[in-house]
Amino acid sequence: MIYSRSAMGDEQFATLAPQCVEIYQDAPISYMTAHSQELLAHLAATVPVVPVTTRTQAQFDRVTLPGSPFPYAVVSNGGRILVDGTDDATWRASIDHAVRSTAADLDTVVAELRRRTDDSWVKSLRIADDLFCYLVVDLASQPADFLADWTQWCGRHGWTVSQQGRKIYATPGCVTKSSAIGEVRRRLVDSDRITADAPLISAGDGWLDADLLETSDAAIRPSHGELENLGWNRDHVAVTEHSGALAGEEILTWFGDYVRSATEAGDRDINQDAVNELEATP
């Protein structure tokens, strides 16, 4: 839903009335179009919206989204659930236990990653939330066989790999957005915010979003990003006509249309999980 200026492109940035929603190191770095802000604000006033992102809590907290504060948010790719902006320690403890039980530890993965990379094409290696890691790379210099080889190694050790532009993520396979949203959904049902049969709709553009899209009743992805490059499609997942920031507007319009259609059909409760920022940031 949010884009850097470079991701929007000069034409979209000049014509779509972008509004800054994130400042980092005293500089504006992420934007939403004015229309997207209006659409998201209306959606959040109508149904439960749960932001979901691979960002850490600190990175998520930099972003000012219309409709905030949100009762629930999922950050760190499902590694943390925020309740009224506060980390749920019980959920994180369950994640740490699952990682210890099913995957290689972070130190082992980082050590292997360092062995496979060098400064000729890697700009930085970063640790996120003491849970996963990612590279920031020079795409032009990235070895052609690195991603496939790294994906195979990680798969044998219980980890998942995703490349989103200049960033290559390695995350424990048990840490997923769908599992965290499943827990949020359970809490929303238990608190009578939604009914047990309320549909779940979502959006995302990367491999780390695929499990959430798979488990949703209906979903949409943009015609750009990692899933587009992979040719990833499902019958219940729509694809936008536009790319860039216009795709963000199209996704939010699709959400609103879905909610209206379901309401008109007699569904009184809709659980809408609005998902990931579509552009990675520092």
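Residues numbered from 1 in each chain as written. Predicted model: local features only at pLDDT ≥ 70, side-chain atom pairs only at ≥ 80, totals over all residues. Heavy atoms only, no water.

## A closer look at the overall build of the chain
Working step 1: Assigned secondary structure in the chain consists of ten helices and 13 strands.
Working step 2: In terms of C-alpha radius of gyration, the chain reaches 18 Å, essentially the compact-globule figure of 19 Å for 282 residues.
Working step 3: Counting every position in the chain, which comprises 282 residues, the buried fraction comes to 51%.
Working step 4: Pairs at least 24 apart in sequence give 56% of the contacts found in the chain among residues at least 6 apart. (Helix = DSSP H or I, 4+ residues; strand = E, 2+ residues; numbered from the N terminus. Rg over C-alpha atoms; globule rule 2.2 N^0.38 Å. Buried < 20%, exposed > 50% of the residue type's maximum accessible area, 1.4 Å probe, protein only. Contact = heavy atoms within 4.5 Å.)

## Some thoughts on helix 2 (residues 34–46)
Working step 1: Counted at 1.5 Å a residue, the expected span for helix 2 with its 13 residues is 18 Å, and the 19 Å between its end C-alpha atoms agrees.
Working step 2: Within the span of helix 2, buried status applies to Ser36, Leu40 and Leu43. Down the axis of helix 2, the smallest arc covering the buried residues is 65°, so these residues share one side. With respect to the buried face of helix 2, the exposed residues turned more than 90 degrees away are Glu38, His42 and Ala45. (Expected span 1.5 Å × (residues − 1). Arc of directions from axis to C-beta.)

## Structural notes on the sheet that holds strand 7 (residues 132–137)
Working step 1: Taken together, four strands build an open sheet; the order of strands is 6-7-9-8 and the sheet is antiparallel. Edge positions in the sheet fall to strand 6 (122–128) and strand 8 (159–164), since each has one partner strand and no second. Strand after strand, the sheet turns through a mean of 15° between neighbouring axes, direction not considered.
Working step 2: In this structure, strand 8 lies alongside strand 9 (residues 167–172), joined through six bridges in antiparallel fashion. (Pairing = 2+ DSSP bridges. Axes fitted to C-alpha atoms, helices over the stretch in contact; angles between N-to-C directions.)

## Thoughts on the sheet that holds strand 3 (residues 72–75)
Working step 1: Judged by pairing direction, the sheet is antiparallel, and its three strands sit side by side in the order 3-4-5 without closing on themselves. Looking along the sheet, the strands with just one partner apiece sit at the ends: strand 3 and strand 5 (86–87).
Working step 2: In terms of strand pairing, strand 4 (residues 80–83) meets strand 5 through two bridges, oriented antiparallel. Within strand 5, the residue paired with Val83 across the bridge is Thr86.
Working step 3: Set on the sheet, helix 7 (residues 177–190) makes contact with strand 3 and strand 4; between it and strand 3 the angle comes to about 170°.

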